[in-house]
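Secondary and tertiary structure notes
This is what each chain is made of:
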Amino acid sequence: AGRNKTWLIVLIPCVIVGCYNYVTGMTYSVCIKKMPDHVTNFDAGKPESILPVFAELEPSLNTNTKYLGSHAKFLSLNKEYGRAVEKLTESLSYQSSYYTYVELGRNYEQAGDTELAISCWQLASDMIPGRFEPLYLQIGSYHHTGRYNRADSLTVLFLQKKRKVDNIQ
């Protein structure tokens, strides 16, 4: 009888924890499946129409890098660059990504912080040196800020690249 009591004391907490994890996992899965539908079925002329959906999904997906990147993209389309920077920075805390650094640089530039934008694009360029986009964006920023010597030196590097169009393969 004492042995059965010990097993019950161990088994009951395990069942409770297992049920909690199952319900949490199912909620997360449902939200992940809803996200593409919400993201693809919105009015392109009104990016703010999708933002309430992101707010609804956030409690379950707040650590998902794809969710954070998508949310940042729609914030950026809605010209909320500061909030987009927050979401992209949060995404980078979970996973470092070339695309996230490029997008983060774009949002920094739109928010008026050219130096941080250039540093993001430099990081992206260092991550995948064969890609031209971060280098191209840096050249444009240096031109806009009047630093033509730096823009010219990066242009030489740009012209030395074999491909002038990013290849996703």
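Residues numbered from 1 in each chain as written. Predicted model: local features only at pLDDT ≥ 70, side-chain atom pairs only at ≥ 80, totals over all residues. Heavy atoms only, no water.

**With respect to the pattern of salt bridges**
- Tallied over the full model, the rule gives six salt bridges.
- The salt bridge involving Lys 87 is made with Glu 58; its shortest N-O contact spans 2.6 Å. In this pair, Lys 87 is assigned in helix α4 (residues 81-94) and Glu 58 in helix α2 (residues 51-61), connecting sequence segments 29 residues apart.
- Given a relative accessible area of 22%, Glu 58 falls into the partly exposed group.
- One continuous salt-bridge network, built from bridges that share partners, spans Lys 73, Glu 103, Arg 106 and Glu 133. (Salt bridge = Lys/Arg side-chain N within 4 Å of Asp/Glu carboxyl O. Helix = DSSP H or I, 4+ residues; strand = E, 2+ residues; numbered from the N terminus. Buried < 20%, exposed > 50% of the residue type's maximum accessible area, 1.4 Å probe, protein only.)

**Concerning the side chain of Asn 64**
- Along the chain, Asn 64 turns up in the loop between α2 and α3 (65-77).
- Judged by its relative accessible area of 13%, Asn 64 is buried.

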